[in-house]
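Working through the structure, step by step
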Amino acid sequence: MNRQTIISALCCLPLTVVGQVTMNIDLNDRGPTMSDYQYGIFYEEINHAGEGGLYAEMVCDRSFEGGERENGVWTTVGSADTARVSEGLLNNAQRHAMRFTATHPMSGIANRGFWGMSVERDSIYELTFWATKGAFTAQLQSADGSLTFASAEVKQGERRGEWRKYSATLKANASCNDARLALLARKAGRYTVDVVSLFPGTFRNRPNGLRRDLAERLAGLHPTFVRFPGGCYVEGVNSYDEAFQWKRTLGPIEERPGHQNRNWNYWVSDGMGYHEFLQLCDDLNAAPLFVINVGLGHEYQIPVDSIDWLIEDALDAIEYANGDLTTRWGKERAKNGHPEPFNLKFIEIGNENYQADARIHSQQYAERYIKFYKAIKERYPELTTIGNVDSWGHDNPVWRNLHPVEMVDEHYYRWHTWMRENYRKYDNRMRNFLIYNGEYAANGEGKALPTMESAVGEAIYMMGMERNADICRMASFAPIFMNVNDPRWKYDMIYYDSQGHWVTPSYYVQQMMAENVGRQVLRWTESGNSATVDSATAVVVKSPQWLYQSVTVNDDARTVYLKIANPNDREVSLEVNWSNVVPLSCELTTLSAPTPEATNSMEQPEAVSPRSFSYEKFPDKLKIKPYSVNVFRVRF
Ligand code: AHR
């Protein structure tokens, strides 16, 4: 037999335990203290993360301002004609309203929501809209209108000039995943309506709030901070006009103009605005991290000598979040329902605006950065500012100027193999600034789908950050959300339609890491961890190490968090020696899968999900499963 034949034959044999790793852990051999903000989340309006996602609004294109992609969400019911009009509007925030002519009673318009509304039996839905006149009936119907699940006469309320606010409560008598909302005029006639909004019960019952199942998933990640609103979404395309502008996102929903999300190509109502982001942070007990536009976006730049107003805008945003009630923007926050400050903690100056490559405008980043930095630190020295470094194509970006910087934001969309090869990436980094891994995922730049293999890669990379917790102070996976009906960036963590959702193995890795941070790094020594050759079979294995680890300890040294990832296709033996101490009990949370390609889906949402075990005594010999991420909470 030649060598290839031997290898092939051996590959057919059942894989046995071949790795034999020993770790020696000394509770007194302490490394750096972990950050209070080690793991957080990055929320961006991408893939309908908010609109048709986390933001619980069920009506798509509620203000009749949408573009091509929203065409067809509004249809007629019964005998009616429609036209979008641009005169006689409710206010200056609106550019269009819907005029419909009903030639018969009980005719009107219907909205199918975001790829079909989902209504649940016995659930309550709150409807509001504005109209110039009329008596209406609102109904929740099946997509073709043949079934009615709820019907209510709409009440008239507040009056503003020609316009009146209408409202109704709809209680569904059946469940349907492809429902629509119908607004029917009780008499024939011509009607003008605008800002039609329908909400289910929301997370923490907040008005204008968030979808419960998705917000609960965010809470399940125990984020210590939330980075928002982007991402490219902060930058906009072609001009600043259609970038996220926080001041346009405040107040009653009818006063928000909304904007075209040019980066990810769909209309955004801005219903989930700056205030709602801050409220989300509050509800998650997470520190807000706000990313500001420095006048550099995709395909445009605002001249550096004309950005003073943008700096003022950033200072106003901070005042809105943190100012007391004597300040202009603090008062505005109170008016919007939150008198207490939101405690904005981090400000990121730009997003991905400092490439060393040919993107010419990046060369202007440093001079902008320092203007923002000085203005912010002068007025708010307690805030932590974050600078940009090369985001694409560099594995070890550096701060390429002499300006002071507290922390830099590095982004890595790479293959899972890169993630494990970079486990030691930060071991030899210069320690002259702190690092925030603001966006990362083992996805090969958005092309691959999330699997167990990618989740293991991400876990290993995170363990590498923990080993270097003195400089790696914060991290957030990206992107989080994707509505399956309109994928823009395919590799995400939480997938959904209007009815339900599922999470990937990456979600569980994020959760396991965040739940088991610990207070201080513990150093260890090891042997037997080189896996380039399988000594039993002479087969070269793919991973340079059998196992990848991180060890941390809590404040009173009563719990050690031992994290172990095995990216290999075979089980590995692990023996842990504890210097001078005897562990008591131990709990294990483990995420594993039979194949590297394994993942979850809407049909099998829990195919790969963590399992927990308790041991009365820490096991002398451990067997670490193939393709697994494990967290041992060892009690002393
Ligand atoms: O997370 C998706 C995108 O990747 C972000 O908008 C951007 O910052 C990065 O390029």
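Note that this is a predicted model, so its numbers are computed, not measured.

With mixed pairing, nine strands are arranged side by side in an open sheet as β34-β33-β36-β31-β30-β29-β1-β32-β35. The open sheet is flanked by β34 (611-615) and β35 (621-624), the only strands paired with a single partner. The average angle at which neighbouring strand axes cross in this sheet is 25 degrees, direction not considered. Across the face of the sheet, helix α11 (residues 505-514) comes into contact with β31 (559-566), β33 (586-592) and β36 (628-635) while running at roughly 160 degrees to β33.

Ordered in space as β26-β27-β28, the three strands form an open sheet in which the pairing is mixed. In the strand order of this sheet, the two ends are held by β26 (481-483) and β28 (501-503), each with one partner. Taken pair by pair, the neighbouring strands of this sheet meet at an average axis angle of 20 degrees, ignoring direction.

Here we take up empty space enclosed by the protein. Over the atoms rolls a probe the size of a water molecule, and its path tells where empty space is left. In total, this model carries five cavities of 30 Å³ or more according to the counting rule given. What lines the largest cavity is a set of 13 residues, and nearest its centre among them are Y240, W246, I292, N293 and D313. Breaking the lining of the largest cavity down by element, the ones donating at least two residues are β18 (287-292) and α6 (308-322).

It is worth spelling out the packing of α6 against helix α8 (residues 365-379) at this point. Axis separation between α6 and α8 bottoms out at 10 Å; the angle between their running directions is 35 degrees. In this structure, the crossing between α6 and α8 has a hand that is right-handed. The residues of α8 that touch α6, namely those facing D308, L310, I311, E312, A314, L315 and I318, are K371, F372, A375, I376 and R379. Considering only residue class, the contact of α6 with α8 consists of eight nonpolar, no polar and four charged.

Counted under the stated rule, the structure contains 47 aromatic pairs. Residues F225 and F346 carry aromatic rings whose centres are separated by 6.4 Å and whose planes lie at 65 degrees to one another, so their mutual orientation is edge-to-face. Taken as a pair, F225 in strand β15 (residues 225-228) and F346 in strand β21 (residues 346-349) lie far apart in primary sequence, 121 residues in all. Of the two residues, F225 and F346, both sit in the buried class. On the numbers, 5.2 Å between centres and 65 degrees between planes, the contact of W246 with W329 is edge-to-face. Pair noted here: W246 is in the loop between α4 (232-235) and β16 (259-261) and W329 is in helix α7 (residues 328-335), with a separation of 83 residues, a long-range link. For the pair W246 and W329, one class covers both residues: buried.

About the cut-offs
Residues numbered from 1 in each chain as written. Predicted model: local features only at pLDDT ≥ 70, side-chain atom pairs only at ≥ 80, totals over all residues. Heavy atoms only, no water. Pairing = 2+ DSSP bridges. Helix = DSSP H or I, 4+ residues; strand = E, 2+ residues; numbered from the N terminus. Axes fitted to C-alpha atoms, helices over the stretch in contact; angles between N-to-C directions. Contact = heavy atoms within 4.5 Å. 1 Å grid on protein atoms, 1.4 Å probe; cavity = no way out; pocket = protein on both sides within 12 Å on 5 of 7 lines; lining within 4 Å. Points joined across faces, edges and corners; volume = space filled by probe spheres on them. Left-handed = near helix turned anticlockwise from the far one by under 90°. Nonpolar A, V, L, I, M, F, W, Y, C, P; charged D, E, K, R; others polar. Phe/Tyr/Trp six-rings, centres within 6.5 Å; stacked < 30°, edge-to-face > 60°. Buried < 20%, exposed > 50% of the residue type's maximum accessible area, 1.4 Å probe, protein only.

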